[in-house]
Amino acid sequence: MDSANSRPFTVLVEGNIGSGKTTFLEHFRQFEDITLLTEPVEEWRNLKGWNLLDLMYRDPSKWAMTFQAYVSLTMLEMHRRPTRTPVKLMERSIFSAKYCFVEQMKRLGTLHPAQFAVLDEWFTFINTEIPVEADLIVYLKTTPSIVYDRIKKRARSEEQCVPLTYIEELHKLHEDWLINRSHADCPAPVLVLDADLDLSQITEEYKKSEHQILRKAV
Ligand code: DCP
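These figures come from a predicted structure and were not determined experimentally. (Residues numbered from 1 in each chain as written. Predicted model: local features only at pLDDT ≥ 70, side-chain atom pairs only at ≥ 80, totals over all residues. Heavy atoms only, no water.)

Trainee: Describe the environment of Tyr 139, listing the residues and the values that go with them.
Mentor: For Tyr 139, the location among the structural elements is in strand 4 (residues 136-141). Among the residues examined, Tyr 139 registers a relative accessible area of 1% and is labelled buried. Linking Tyr 139 and Thr 85, residues 54 residues apart in sequence, is a C-alpha distance of 23 Å. (Helix = DSSP H or I, 4+ residues; strand = E, 2+ residues; numbered from the N terminus. Buried < 20%, exposed > 50% of the residue type's maximum accessible area, 1.4 Å probe, protein only.)

Trainee: I'd like to hear about the packing of aromatic side chains, residue by residue, with values.
Mentor: Two measures describe an aromatic ring pair: the distance that separates the ring centres and the angle between the ring planes. Applying the stated criterion across every chain yields a total of six aromatic pairs. Look at Trp 44 and Phe 67: their rings are 5.5 Å apart centre to centre, the planes differ by 85°, and that puts the pair in the edge-to-face class. Note that Trp 44 is positioned in helix 2 (residues 41-45) and Phe 67 in helix 4 (residues 60-80), a separation of 23 residues in sequence. Ring centres 5.7 Å apart and planes at 50° place the aromatic pair Tyr 99 and Trp 177 in the tilted group. Linking Tyr 99 in helix 5 (residues 94-108) with Trp 177 in helix 8 (residues 164-178), this pair joins segments that are 78 residues apart in sequence. Accessibility expressed as a relative area gives 5% for Tyr 99, which makes it buried. (Phe/Tyr/Trp six-rings, centres within 6.5 Å; stacked < 30°, edge-to-face > 60°.)

Trainee: Run through the site of the ligand, naming residues and quoting values.
Mentor: Taken together, 22 residues are adjacent to the ligand, and Glu 39, Tyr 57, Arg 92, Arg 154 and Glu 159 come closest. In this structure, Gly 18 approaches the ligand through a main-chain N or O atom, which is 3.1 Å from an oxygen atom. One of the side-chain N or O atoms of Tyr 57 is found 2.7 Å from an oxygen atom in the ligand. For the ligand, whose accessible area on its own is 590 Å², the fraction buried by protein is 97%. Elements supplying a minimum of two residues to the shell around the ligand: helix 1 (21-27), helix 3 (52-58), helix 4 and helix 5. Here the residues of the shell around the ligand sort into ten nonpolar, five polar and seven charged. (Near = heavy atom within 4 Å. Polar contact = N/O pair within 3.5 Å; in protein donor to acceptor, adjacent residues only side chain to side chain. Areas by Shrake-Rupley, 256 points an atom, 1.4 Å probe, with all protein chains shown as cover. Nonpolar A, V, L, I, M, F, W, Y, C, P; charged D, E, K, R; others polar.)

Trainee: I'd like to hear about the environment of Ile 94, residue by residue, with values.
Mentor: The residue Ile 94 is located in helix 5 in this model. With 33 residues separating them along the chain, Ile 94 and Asn 127 place their C-alpha atoms 9.6 Å apart. The residues contacting Ile 94, other than those within four sequence positions of it, are Ser 72, Met 75, Leu 76, His 79, Phe 123, Ile 126 and Val 132. (Contact = heavy atoms within 4.5 Å.)

Written as structure tokens, this is what we have:
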């Protein structure tokens, strides 16, 4: 723990769908003193037997609001979860939910402006009233066509209908947030890694972040 304020050094791992966030987190399993919080996709696929991810992709206009409301709750729970280790590594965050996915759904019209307004009020409340801390963002930067091919290959059943244009727009929203810094409350410095590399080369790229995440010379 950081002795000054007894909270862990918190790293958010961000990037487009299929950019390798889970693989990145798994790379850090070898190190002690680090808590890995992988994204709760399984919770989104099974809330009391309901697959919210599937409902959202099948009928976005009807289910986007419900899905994003639940994503926000699960992300907030991860942000607030206490850890016993000095470092906490989280897959995604409430920020990418807001700046990338909810923004995308508003622009596409799958979220009605009134639904967007409710989610926006939640984000504002959380931002001002609930401490959500981050010390570093690792941005796994990719090319949309490359992650699109990966998504097709991994064949997660819910995602088969996702078109390349959706991935391209999400890419732009990640770039606006993390590279162009278009939001005033970007919560932490950003480390950009090349996540286009294939599995045989990616470990070397991941290693570039070790010293910043573990905060020692490695
Ligand atoms: N998703 C969404 N809204 C969010 C977060 C995620 O609609 N606020 C969707 C997009 C994907 C699925 O949930 O269909 C999981 O997306 P992620 O990019 O978060 O996770 P991946 O499993 O694709 O990550 P990676 O392949 O990088 O490990």
